[in-house]
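Each chain is listed here by its residues.
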Amino acid sequence: MKFYKIFVIILILTNSLLGKKSFYINNGVDTLDLESKNALIFLENYFNDFKSDTLPKFQNYWSKIDCNKYKIPDQLVYGISSDYPTYNMSDKITILYIKPTKDFIQIKTHFAWIDTLETISTLCITNHYIRKDNEGNLSFVNPIDINTRNWKKKTLRNIEFHFPNNLKFNIKNANKLILNIKKLEKEWSLSPIQIKYFYTNTNEELQKIRGFDYSLMMGNREKPSGISDDKDNIVYCGGLGENYFHEVVHIYLNKLLPNSPLREGLAMYYGGSMGMDLKWHLKRLNSYLEKNENLNLNEFEKFYYMDNFTNPKSTIFGLLCKMQIEKKGLISLKELMNQNSIEEVFKFLNVESKDINKYLRKLINNEVE
Ligand SMILES: [Zn+2]
């Protein structure tokens, strides 16, 4: 899943955020309580350890068990963008709430940015749980462990499914996923990857298990969605049950093609998007382009948004992947995926920048007829 629009805005607004972060404390938060105060200092140090170009040493903040289990134990870090740490996206960080309980201290933090008119926009509200061991050392407790404590688990081949108690495991769907995975492994000559696959009925439930009370990806009409963590091989899916192949494709193939601008397209070619296949999105894109004759695809970068369901760029990239593999084979697709920018991609396809509009409109139209 990509959120081009949101992501671009966030990056523009946060490029200047390189130094030490400032923290504000909301009215009513008791910072005189010694344990709360220590937990707060621990959290602030952690946030400050996210530099512009490096992540913290997680073993300084997370338990040994978590560090053995995950490369990045904190599932909030890439919970909004898979490329950019959540904690570096905002220029106003406010501690909203501190709650000491017998097991841990819970802290809710509000991340926001302020525009030139001093309007506040909220990026997210997060939960962190901080525990003190017998020697007095502090460490985070993973929100996933707390929030999925009563979940069910089912393992099939290389996929460990995790799902809430109120959902029934659909073996047919799970088998379809496994079949797709086997085909992908065979085609790309890959070995199985052990994947943790968390699924719920809605995207908002998924956000909550990771520790978000709110993120700007919540709200609006519910639609199937997913996000993958290719560092720790975790898939999160809301609304499509056991067979969200798109996100699994990211886990298998992202690592092989680290610089390709077409990775989203490749996942769409194999796994569709939001439960609908590439063809469905191409048909929608085609009718949109027919209705908007003046839209100039030569200015390709500007066409990142069409509506809430079809991402035009990913759909076009999906089609380019499809065309390449079906007409020229996997080796040629890999060559295409080795291009590092969109300009290079069109150059590789022998399309001059002044002809992109004509070329793509024709290609899309031919595909849906
Ligand atoms: Zn994706």
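Keep in mind it's a predicted model, so treat the numbers as computed, not measured.

Section: helix α11 (residues 330-337)
Burial in α11 covers these residues: Leu333, Leu336 and Met337. Summarising the axial view, the buried residues of α11 lie within an arc of 95°, below the 170-degree limit, and thus occupy one face. Turned more than 90 degrees away from the buried face of α11 sit Ile331 and Glu335, all of them exposed. Considering only its buried residues, α11 is in contact with α8 (263-271), α10 (312-328) and α12 (342-348).

Overview of unusual backbone geometry
For serine 189, which is not a glycine, the phi torsion comes out positive at approximately 50°. Mapped onto the fold, serine 189 is located in the loop between α5 (171-188) and β8 (195-200). On the neighbour-count criterion, serine 189 (7 C-beta atoms within 10 Å) is exposed. Of note, asparagine 350 is a non-glycine position whose phi angle comes to about 60°, a positive value. Relative to the helices and strands, asparagine 350 is located in the loop between α12 and α13 (356-368).

Details of the pairing of strand β10 (residues 225-229)
With 5 of 5 residues buried, β10 is to be regarded as a mostly interior element. By the alternation rule, side chains of β10 split into Ser225, Ile227 and Asp229 and Gly226 and Ser228, which are all buried. One ladder, built from 5 bridges, connects β10 with strand β11 (residues 234-238); its direction is antiparallel. Opposite isoleucine 227, over in β11, you have tyrosine 236 as the bridge partner.

Topic: the domain arrangement of the chain
Domains assigned within the chain are domain 1 (4-141), domain 2 (148-255) and domain 3 (257-369). Inter-centroid distance (C-alpha atoms) of domain 1 to domain 2 is 25 Å. In terms of residues, the side of domain 1 that touches domain 2 owes the most to one element, strand β4 (residues 120-132), which gives 6 residues. For the side of domain 1 that touches domain 2, the class distribution of residues is 9 nonpolar, 6 polar and 2 charged.

Cut-off values and rules
- Residues numbered from 1 in each chain as written.
- Predicted model: local features only at pLDDT ≥ 70, side-chain atom pairs only at ≥ 80, totals over all residues.
- Buried ≥ 20, exposed ≤ 12 C-beta atoms within 10 Å, placed from the backbone.
- Helix = DSSP H or I, 4+ residues; strand = E, 2+ residues; numbered from the N terminus.
- Arc of directions from axis to C-beta.
- Contact = placed C-beta atoms within 7 Å.
- Pairing = 2+ DSSP bridges.
- Domains from an automatic or database assignment.
- Nonpolar A, V, L, I, M, F, W, Y, C, P; charged D, E, K, R; others polar.

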